[in-house]
Amino acid sequence: MDKLTLRSSFIATLFGQKIQAIELSNKGLDLKSKEGLQHLTWDQLLNAPECHAGLFFDALLIDVEGKTERIGWLSKAETAAFKQRAFQQYYAFHSVRVTQAAHKIDAQLSKLNYLRSSHIDQISRFASNAVKKVRLPDKRLYAELPDELVALYEKLNNWIEKNPTFIDALRSKYVSEQILKYKAIFDRVESNPLTEKQRLACVIDEDNNLVLAGAGTGKTSTMIGRTAYLLESQQAKGHEILLLAYGNKAAEEMRERIKDKLNVSTIDVFTFHALGQKIIAHVEGEKPSISPLATDEKSFKYHVNQWFQELLNVSSYKELVLHYFEQYLFPEANPFEFSTPGEYYEYIRANEIRTLQGEQVKSFEECLIANWLYAMGVEYSYESAYLAANTKTQDFRQYKPDFYLPEYDIYIEHFGINRKGETAPYVDNETYWNGITWKRDLHESHLTTLVETYHYEQSEGNLLANLEAKIAEKGVKFNPKPANTMLDKLTEFGAIARFAALLSDFLRQYKNSSLSLEQLKQSAKKPQLAAAATLLEPIISRYENYLIERNEIDFEDMINKAIAYVNDGRFKSPWKFILVDEFQDISFSRATLVKGLRDCKKNTSVFCVGDDWQAIYRFTGSDVSLTTHFDAIFGPTKKTSLDKTFRFNNKIGDLASKFVMQNPAQVKKVIHSHTQVDQPAVSLMRKTINNDDYFGHVIAVLAKIAEVAQPQSTVYILARYHFKLFEPAELRQIKLLHPTLDIAQLTFHASKGKEADFVILLGLDNRKNGFPSKKLTHPLIEALLPKAEDYPEAEERRLFYVAITRAKHRCYLIADMTRASPFVKELLKGQYELALNEFDVDDGQLNAKGRQCTVCKSGTLVKREGAHGAFMGCNNYPYCDNTERTCPRCSSPMNNAGEYRICAKPTCRWWMPICPDCNGSLLLRESKYGPFWGCENYRNGCTHKQKYIEGPSIENPA
């Protein structure tokens, strides 16, 4: 390049400027002055020379070695040209290194396949280091540079900044090319060509990959397709691929499909336990023996029970057990944490909370009091009639205090209030306090002794201690039952057997948690867990000794020892690609093993296929958050959703998807169905069901199915619990009545992964063992399980989704609307697309919504006969004792309709207003001031009155 010289005006010397000229060359700048020549290489300049414009002359600013050299009195035209030439030469000089760096990056890219985040991080670090001695232009100056230089600098900047648009373009180009190149593989690897999303999932190879596969979207086909692609593209050899399945059957099916479809036998397909066994055998030199107690659950529970029974002969241990049962006979739930009385009653019923003497009680805390009185040798009666006065009227029953101590003529009332005097959120505070006041006044006026206990005493951990002090002060003498007597009673009650079974589950979960006993005790946030850990400790010791004596391990040891061997480097993973099936069912320990295998071999990728909508095994230790928060746990992740299902039609899919996504924590997905229909494909049969007798209703549904189904169409009869299904003899009879249908029955859980042409769901009620299940996970097990989700019944909601989506053509829900599952009510209230007219519906079923109990909110009012005639009573009795009047004109049931109760009999239609304060009925009364409407619950403190009420707009027969 020719040299270019820029000279200062003679005026510069008058003002003392030393530099008289600047010369530009390929090597840099020469600053000329009277003292001599100063040479500056382009490397020494911190920036390209900049121009400072003046009125008549310009100045050139040169940043060099921490200071700025200003050369003024320069010609404007010459300075602009010089500055532009210097700018281009400066960045052309630096482009040499940039070019070298870019070539190295391109060379590295040519060796890579899919551009993983780890690759991007490496390249970005290299690019950043490469430009430490290189000056990059501000992007605003790109217009002043040649296009080829701009492209070069932009490319390096994109790597340094990890520009998402740039990265995505590279990835998309690679993916498109690979899908096209291996089209033949994707077309033929399975019986049907893979979908577009399945092909994407096969090719994308981020460090961590999560494929969200909705029900029936072909997750297994995707795993087979990815394996085929990795082999065909020579990214992996068979022995470098590991496939993990959830169970032995799934692993065998995967193994057979790979052999059949790919004709490869070198790929490792294991369950997690088989993988753990392989790792242990590799490190220890011999295959570990699996204890029979690991595979035979009955034998395991038997041994735990035997150890427990032996320990009960040790006095100190026996005392610990009795002390434990004094407080923790049943799983405790805080009544203040429920939203309706009905929800609390369902908890009481589902957990079979009864006293040691068999009494049905209305609260956990009443049960505590009753059992403590029994243990202390204090005779009591529960909810017996108040003896000092007859309080019953036509409107009210006789007053029945919670407890009566006949030997001392003492009454005990347990009040559900906190320290502030507040009631549970579903209890009207004013009405409840009116009741407390009425009871206190009654006892005072009749000179009877009343001892009060309170909910807050239990919350503070001193309910029983306080009760002891209170009744001792009233002269009650205690005669505690001997330890063996209490033990016999607990055995008779079934508590000892249940606790032994609980200890076996507790032991399993403890081993699965990987905690030491000390860690377990230290992590105990509730006294119950610490107390149970103390009882479990000698059983753990006996169990571990049992295994050691026989040189055996259990399944939990398999995983835990494998993790240890991987993490300490004693096992070197041969696998570059790890594929995990049914990832939504994974536990923390198994996820830890997968991460360990990934991290112990460089450039290993993880490919996990699962569906958070079908995560239904938390009770075994599965943690759905490992799927919903996958990237936070595993690191940079590419998610792909398989959104086309080949199983169920669009109407089943739309209803089930909408229902499961009511939980905002579920990953949002849109599932498109291959089969499209116009009419609802989920049908609700509303029928009266007595004693869980579904036989006739199922026969009626099967008759409907037989009318439209092809011969040998499959039908699943599903229920939440196995005991809700038919007995073998009944099922045989059902099959004989419908020989053209292939009928089977399963639990909701067992049906996962299966499909049938038609599905019938049973047990959709809100009673004990209903659905969703209200049975609490025992606090001991709960403490060791993954953290429960905030959304109510989240897992039960997913279980309903699983059950519905087993159906290909149609799903039938059978429910008695007087005690229907909250899920069924939600479908109706939410106006889901249900077929409601496929079966006849009687008046009682149609009007069940109008007969919902206004007190407990979960029961339904049914007609009963009493001493004073017909009345409507809640079917949650005895937990809920709410009653309402039948029609005063014809004694028919009355339905709630807005502000009124209206007779259900079409020829009557009599009405009664509903009290806006307490939901009682307003009755027309007479006073000296004339007629008025007053609440029937005035005795309980409701003082609502109205002078005039306009009736509902219905036709009233004369």
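Predicted model only: the values in this text are computed from it and were never measured.

Moving on, we come to the nonpolar core. Phe308, Phe325, Leu373, Phe499, Phe506, Leu507 and Ile539 are the most contacted members of the largest nonpolar core, which totals 85 residues. Top contributing element to this core by residue count: helix α22 (residues 527-549), with ten residues. Setting aside chain neighbours within four positions, we find Phe499 in contact with Phe308, Tyr324, Phe325, Leu535 and Leu780.

A separate point is helix α27 (residues 650-660). Of all eleven residues in α27, nine are buried, a share of seventy percent or more. The complete set of buried residues in α27 reads Asn650, Lys651, Ile652, Gly653, Leu655, Ala656, Ser657, Phe659 and Val660. Considering only its buried residues, α27 is in contact with β21 (672-673), β22 (682-686), α31 (794-804), β26 (807-815) and α32 (822-829). Two or three places before Lys651, at the start of α27, stands the capping residue Asn649, its side-chain oxygen 3.1 Å from that residue's backbone nitrogen.

A separate point is the UniProt feature "binding site: ATP" (unreviewed entry) in the protein. Under the present numbering, the feature "binding site: ATP" (unreviewed entry) in UniProt falls on Ala213, Gly214, Ala215, Gly216, Thr217, Gly218, Lys219 and Thr220. With a relative accessible area of 2%, Ala215 lands in the buried category. Leave out the neighbours within four places in its chain, and Ala215 touches Asp611, Gln614, Thr645, Arg647, Phe648, Tyr801, Thr805 and Arg806. Of note, Gly218 is situated in the loop between β8 (208-213) and α8 (219-232). Relative accessible area serves as the criterion here: at 25%, Gly218 is assigned to the partly exposed category.

Turning our eyes to something else, we now look at the pattern of salt bridges. Inspection of every chain in the model, using the stated rule, returns 59 salt bridges. Put simply, Lys511 and Glu544 hold a salt bridge, and the shortest N to O gap is 3.4 Å. With Lys511 in helix α20 (residues 495-513) and Glu544 in helix α22, the pair connects residues that are 33 residues apart, well separated along the chain. Taking relative accessible area as the criterion, Glu544 reaches 25% and is therefore assigned partly exposed.

On to the pairing of strand β17 (residues 577-580), then. On β17, burial covers both faces: Phe577 and Leu579 on one face and Ile578 and Val580 on the other are all buried. The pairing of strand β9 (residues 241-245) with β17 spans four bridges and is classified as parallel. Bridged to Leu243 within β17 is Leu579. Pairing of β17 with strand β18 (residues 605-610) involves four bridges; the strand directions are parallel. Paired with Val580 across the strands is Cys608, a residue of β18. What joins β17 to β18 is helix α24 (residues 588-599), and the crossover it makes is right-handed.

Across the sheet, three strands lie side by side as β27-β28-β29; this open sheet has antiparallel pairing. Each edge of the sheet is formed by a strand with only one pairing partner; in this case those strands are β27 (861-866) and β29 (883-885). Sheet twist, expressed as the average angle between the axes of neighbouring strands with direction ignored, equals 40°. Pairing of strand β28 (residues 869-874) with β29, which is carried by three bridges, proceeds in the antiparallel orientation. For Met872, the partnering residue across the bridge sits in β29 and is Glu884.

How each quantity is defined
- Residues numbered from 1 in each chain as written.
- Predicted model: local features only at pLDDT ≥ 70, side-chain atom pairs only at ≥ 80, totals over all residues.
- Heavy atoms only, no water.
- Core = buried A, V, L, I, M, F, W, Y, C linked by side-chain atoms within 4.5 Å.
- Buried < 20%, exposed > 50% of the residue type's maximum accessible area, 1.4 Å probe, protein only.
- Helix = DSSP H or I, 4+ residues; strand = E, 2+ residues; numbered from the N terminus.
- Contact = heavy atoms within 4.5 Å.
- Polar contact = N/O pair within 3.5 Å; in protein donor to acceptor, adjacent residues only side chain to side chain.
- UniProt positions renumbered as here; feature names shortened; annotations may be inferred.
- Salt bridge = Lys/Arg side-chain N within 4 Å of Asp/Glu carboxyl O.
- Pairing = 2+ DSSP bridges.
- Right-handed = clockwise from strand over helix to strand, strands pointing away.
- Axes fitted to C-alpha atoms, helices over the stretch in contact; angles between N-to-C directions.

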